[in-house]
Amino acid sequence: MTDYDVLMVGAGHNGLVCAHALAKSGRKVLMLEAGDVAGGCAATREFAPGFSVSSCAQWLTQLSPRVMDSMSLVDHGLQFAARDLASVSLAEDGDHLVLRGAKLEGANISAEDQLAYEDFSARMMRFTKILAKAFSTRAPKLVESNFADRLTLIKLGLGLKLLGKNDMNDLMRIILINMYDVMEENFDHPRLKALLSLDGMLGSHMGPRSPNTVFGYLYRRVGNLFGYDGPAQLRGGMGALADAMVASCKAAGVEIRCGEAVASIDSEAGQVTGVTLASGEQFSGKLVVSNVDPVTTFQYLVGYRNLETGVVRSVSNIRNKSGTAKLHLALSGLPSFAGLSAELTGHRLVIAPDMNYAERAFNAVKYSEYSKEPVMDISIPTVNDPGLAPDGQHVISAIVQFAPHEPEGGWDGHRQAFTDIVLDLLERYAPGIRGLVTASELLTPQDLEKEFGMTGGHWHHGELSLDQVMMMRPFHGANQYSTPVNGLYLCGAGSHPGGGVMGLAGLNAANEIIKRVGAA
Amino acid sequence: MAGADERMLLTTPFHSRVAAACETNCWGNWKGYTTPNSYIDVELEYFAIRSTTGVFDLSPMGKYRVTGPDAEAYLNRLITRDVSKIREKRVGYTVWCDDEGQVLDDGTIFHLGPNDYRICAYARAIDWLLWSAEGFDVCVEEETQNVAALAVQGPTSCAALMAMGLSGLDALKPFGIEYFDFEGEQLMVSRTGFTGDLGYELWIAPEKAEDLWDRLFAAGAPHIIKPFGMEALEMARIETGFIQAGVDFIPAEETIRQGRSRSPFELGLDWLVDLNKPVFNGRKALLDEKSRGSRYRFAILDVAGNKPANNSFILKNGKQVGVVTSAAWCPTAKTNVALAQLEMPHGAIGEELVAEIYYQRELHWTKVNAPCKVLESPVFDPPRRRQTPALPY
């Protein structure tokens, strides 16, 4: 028996956004979270005694202001430790390239590159505006003549048209190609090209020459429109976002139960009937919202046998291979990067000397191997937020690409070897850093999959590529948050527009549910 | 069995005997296999089916084996019928649909034993069958090449087969399966067929195919047994109102244009759809169709005159309301039959329509507007088709 209007499977950040909006619409919402805490990829975890780190997402780059406002997150305790951070492309010789807003510094960057970047960035922002519009509503279906969908399509078309002929042609041309070619067209400096192309491949299974990386880059730049002129860091790590969201949800009347893994989403004759927990406890309900990724939702929770063959095919075709690992280090002191000012140490540090280096790093993962020289996106959060480690000590959180889901023979035989590769690489840029390491933790794609319940370990719950975005996300038949099972909705990163701690998938899903099911 | 090069059609395990019997040397391509359109004379072959015994090599028919603990559950999700009602040693006619409720194929399901089934289908179906197996503990294998099959059809078929030594065959009920020993090899016999008459299908290992053919024709000689080809089969199946995939409907996976596939309701196969089953491919779409109404209706037409209404438009008050998909002058029923798909709401039993028939004699084209009428049931449906024990005609 149940007294809830909505049962939500998983309490990630998108789920919290969705639950909050549903509760505000007058519904009684119960969230069932398998983990010990809510928040999903917005999490802070102590990985060594006294040392905490953002255990999945490490930067806030694109949280929608609509989510911030509607959930009153600041009122619920959300604080920034730093905003609009610079991106520093590290050089072994200490002549680093710094990207601060639209300004480039250091590394003998030429005036041409500076001008070219300003022009490029402005053009990308014009493109990004069109995306941001499309992201703020459900993805339109193409064939059914629904008024709201037509309006969205008209707006999209109009947005393209208003770009003017040159920009429109350029967007249509580059959206299908790759960051490598676009960078070659625009810039000279190898590290500038690598730094920007990295933004197109973060979290993905793509190298600079992979198609779809331009879309990945634009996706990330949507953050600029949301007020992020560079990455931001939350006080207390990304878990602070989860805490504020949980507080906001609780204030709205949402009930959240952690440590309660849902074992199945139950359905009868194509209509959802409730959920069953691993403990055997059952909740019945006609409205179930899944915050977990589509593969987990359909393959493991609903079960392929309860779906039609075409749906099963679509789900099993979802590309969700990740190549991303996380490295967490506890340090006895602040590492010293050659030539890097103390102030910049707290900014985003990137190791990606040139695009071929990044492409070679990607090559490995195609063959289920890890990069011998990976690319890295490094955060030393304790510079801006000392509370994460004991006094005078520090933590490092780094995105490391690329690592396969399963290297030959399994991760057990490779974990230390890959950790050593990454530490040796860091040592080249920050001599002496190995001596500071007092604890380390490597989260492979497999670990991320397990800890955050994401099939494949993909932080977007499925590759962000043109075959899997908009009306194709996660697949035809589940592209407007509703699914082939009546009463079952999706609200996670696997849905339009995608992940990246943006919150729009959850917000759009809530709006769609309210529209379809009616006001409570 | 493979062709000498990839452009060459495959031959069936009976090929040496078929080729020797095929006096017309008129061959066709049936899903990659070379098969006779006729052997001696189409009319004679047709009358063998209707008056004595006709034999048809159906080895090219797609055959798929489904085994494992979830075999029944798997099939129940795959097809529109309730598989649990097809008992062991029984055969069921069925269709299967895609998610849009459009027919992928029709065929038969043989319940061979516990958790053991065979699907016989017109279209090559292995991809769809394997995709459908995700999430089920089943093994799905194609066995088209591993099983040789003959259809033995007509009033004296039971007598001919009993003369070959299949004692007790007369007791086999329609859609039943029985096993016999054939020279140390298992011979499976099902009382099934595509002619609408008393008849059987024989299933055996390819190595025994030629022996089976030889002994069957030797034993059947007194019962006037003759091989028949595709064209005679076509006459017989139209006469008895059986639809043919690829002719009366296009399998949904093979259609390219929107709206060219058909649902089971639109093919007159409502009786094969069990909407009470909680989950099966196409259920949601078929429920929708049920409430929204179908686009087309399948009809058997009695067309005036003796000109077969092949490819005719069907008119109502001069307006086109449908097309003929199959047509033949049917000698036994002495009826000019057409199978047609009519736009709703046309096709109610008894409705009178007009078939616009074009025919030519020495390049002289003539148009006939032949009145026609929607029949309630097929024109050929003899009691002996169902009679058990089968009588020794």
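Residues numbered from 1 in each chain as written. Chains lettered and ligands numbered in written order. Predicted model: local features only at pLDDT ≥ 70, side-chain atom pairs only at ≥ 80, totals over all residues. Heavy atoms only, no water.

Considerations on the packing of aromatic side chains
Each aromatic ring pair is specified by the distance between its two centres and by the angle formed by the two planes.
All names here are of chain A.
Logical step 1: Considering all chains together, one arrives at 23 aromatic pairs over all chains under this definition.
Logical step 2: Measuring from ring centre to ring centre gives 5.2 Å for phenylalanine 120 and phenylalanine 187, while their planes differ by 80 degrees; the resulting arrangement is edge-to-face. Taken together, the positions of phenylalanine 120 in helix H3 (residues 111-135) and phenylalanine 187 in the loop between helix H6 (179-186) and helix H7 (190-201) put the pair 67 residues apart, joining distant regions of the chain.
Logical step 3: On the accessibility criterion, phenylalanine 120 (0% relative accessible area) is buried. (Phe/Tyr/Trp six-rings, centres within 6.5 Å; stacked < 30°, edge-to-face > 60°. Helix = DSSP H or I, 4+ residues; strand = E, 2+ residues; numbered from the N terminus. Buried < 20%, exposed > 50% of the residue type's maximum accessible area, 1.4 Å probe, protein only.)

Here we look at the sheet that holds strand E7 (residues 116-121) of chain B
Residue and element names in this part refer to chain B.
Logical step 1: The sheet built from five strands is open, its strands ordered E5-E6-E7-E4-E8 with antiparallel pairing. Lying at the two open borders of the sheet, with one neighbouring strand each, are strand E5 (90-97) and strand E8 (139-142). The sheet shows a mean angle of 25 degrees between the axes of neighbouring strands, taken without regard to direction.
Logical step 2: Direction of pairing for strand E4 (residues 62-67) relative to E7: antiparallel, over a ladder of six bridges. Considered in E7, the bridge of threonine 67 is made with aspartate 116.
Logical step 3: Sheet strands in contact with helix H3 (residues 71-78) are E4, E5, strand E6 (103-113), E7 and E8, and its direction is about 30 degrees off that of E7. (Pairing = 2+ DSSP bridges. Axes fitted to C-alpha atoms, helices over the stretch in contact; angles between N-to-C directions. Contact = heavy atoms within 4.5 Å.)

A short note on the pattern of salt bridges
All names here are of chain A.
Logical step 1: Taken as a whole and assessed by the stated rule, the structure comprises 46 salt bridges over all chains.
Logical step 2: Among the salt bridges present, the one from aspartate 170 reaches arginine 173, with a minimum N-O distance of 3.0 Å. Of this pair, aspartate 170 and arginine 173 both sit in helix H5 (residues 165-174), separated by three residues, roughly a single helical turn.
Logical step 3: You can call aspartate 170 buried: its relative accessible area is 12%.
Logical step 4: Take arginine 173: its relative accessible area is 39%, and that puts it in the partly exposed class.
Logical step 5: Arginine 428 is paired through a salt bridge with glutamate 373; the nearest N and O atoms lie 3.0 Å apart. Of this pair, arginine 428 sits in helix H13 (residues 415-429) while glutamate 373 sits in the loop between helix H12 (355-366) and strand E17 (375-379), and the two are 55 residues apart along the sequence.
Logical step 6: If you follow the salt bridges from partner to partner, you end up with Asp119, Arg123, Asp170, Arg173 and Glu185 in one network. (Salt bridge = Lys/Arg side-chain N within 4 Å of Asp/Glu carboxyl O.)

Considering the packing of helix H2 (residues 42-51) of chain B against helix H7 (residues 230-239) of chain B
What describes two packed helices is the angle between their axes and the distance between those same axes.
Residues and elements named next belong to chain B.
Logical step 1: As a packed pair, H2 and H7 sit with axes 8 Å apart at the nearest point and diverge in direction by 50 degrees. Between H2 and H7, the angle falls in the class oblique. Every pair of crossing elements has a handedness; the one defined by H2 and H7 is right-handed. Where H2 abuts H7, its residues Val42, Glu43, Glu45, Tyr46, Ile49 and Arg50 lie against Glu231, Ala232, Met235, Ala236 and Glu239.
Logical step 2: Its residues placed into classes, the contact of H2 with H7 shows six nonpolar, no polar and five charged. (Parallel < 35°, antiparallel > 145°, perpendicular 65-115°, else oblique. Left-handed = near helix turned anticlockwise from the far one by under 90°. Nonpolar A, V, L, I, M, F, W, Y, C, P; charged D, E, K, R; others polar.)

With respect to the interface of chain A and chain B
Interface extent is often summarised as the accessible area lost during association of the parts.
Logical step 1: In this assembly, 17 residues from chain A lie in contact with 18 residues from chain B.
Logical step 2: Summing the contributions of chain A and of chain B, the shared interface buries around 1400 Å²; its carbon and sulfur component is 47%.
Logical step 3: Three residues, Arg305, Glu308 and Thr309 of chain A, lead the burial of chain A against chain B; their summed loss comes to 47% of the area buried on that side.
Logical step 4: Viewed at the interface, chain B and chain A are joined by 13 residue pairs in polar contact (both at pLDDT 80 or more). (Buried area = accessible area lost by both parts, 1.4 Å probe. Polar contact = N/O pair within 3.5 Å; in protein donor to acceptor, adjacent residues only side chain to side chain.)

Quick look at the nonpolar core
Logical step 1: Core analysis: the largest hydrophobic core is formed by 131 residues, its most contacted members being Leu73, Leu196, Leu241, Ile378 and Phe418 of chain A.
Logical step 2: A total of 10 residues in this core trace back to one element, the largest contributor, which is H3 of chain A.
Logical step 3: Residues contacting leucine 73 of chain A, with those up to four places away along its chain left out, are Leu63, Val67, Met68, Leu78, Leu241, Ala244 and Met245 of chain A.
Logical step 4: Formed by 30 residues, the second largest nonpolar core is a distinct cluster that contains Cys158, Leu169, Leu198 and Leu216 of chain B. (Core = buried A, V, L, I, M, F, W, Y, C linked by side-chain atoms within 4.5 Å.)

Describing a nonpolar patch on the surface
All names here are of chain A.
Logical step 1: A contiguous nonpolar patch, built from Ile154, Leu158 and Leu162 and spanning about 340 Å² of accessible area, is present on the exposed surface.
Logical step 2: With respect to the helices and strands, the residue leucine 158 is situated in helix H4 (residues 147-162).
Logical step 3: On the basis of relative accessibility, which here comes to 48%, the residue leucine 158 falls in the partly exposed class. (Patch = residues over 30% accessible without salt bridge, like charges linked within 9 Å, V, L, I, M, F, W, Y side chains within 5 Å. Areas by Shrake-Rupley, 256 points an atom, 1.4 Å probe, with all protein chains shown as cover.)

Details of the sheet that holds strand E17 (residues 335-343) of chain B
All names here are of chain B.
Logical step 1: Taking strand neighbours around the barrel as the criterion, the six strands line up as E14-E17-E16-E15-E18-E19 in a closed arrangement whose pairing is antiparallel. Averaged over all neighbouring strand pairs, the angle between strand axes comes to 40 degrees, with direction disregarded.
Logical step 2: As judged from the three bridges shared by strand E14 (residues 296-303) and strand E19 (residues 364-374), these two strands associate in the antiparallel manner. Paired with aspartate 302 across the strands is lysine 373, a residue of E19.
Logical step 3: Contacting strand E16 (319-330) and E17, H7 runs over the sheet at an angle of about 120 degrees to E16.

A short note on the environment of isoleucine 314 of chain B
Residues and elements named next belong to chain B.
Logical step 1: As for its position among the elements, isoleucine 314 is in strand E15 (residues 313-316).
Logical step 2: What makes isoleucine 314 buried here is its relative accessible area of 0%.
Logical step 3: Separated by 45 residues in sequence, isoleucine 314 and tyrosine 359 place their C-alpha atoms 15 Å apart.

Details of the domain arrangement of chain B
Logical step 1: Parsing chain B into structural domains produces domain 1 (15-59 + 147-228) and domain 2 (295-376).
Logical step 2: Relative to domain 2 of chain B, the C-alpha centre of domain 1 of chain B lies at a distance of 32 Å. (Domains from an automatic or database assignment.)

Observations concerning the side chain of arginine 77 of chain B
Logical step 1: Looking at where arginine 77 of chain B falls in the secondary structure, it is placed in helix H3.
Logical step 2: This buried residue, arginine 77 of chain B, is left without a salt bridge; aspartate 99 of chain B holds the nearest opposite charge, at 7.4 Å.
Logical step 3: Only 2.3 Å separates the side chain of arginine 77 of chain B from the backbone oxygen of leucine 307 of chain A, close enough to count as a polar contact.
Logical step 4: Look past the residues within four positions of arginine 77 of chain B in its chain and what remains in contact with it is Tyr304, Arg305, Leu307, Glu308, Thr309 and Val312 of chain A together with Ser132, Glu134, Phe136, Val279, Phe280 and Asn281 of chain B. (Lys, Arg positive; Asp, Glu negative; His and termini not counted.)

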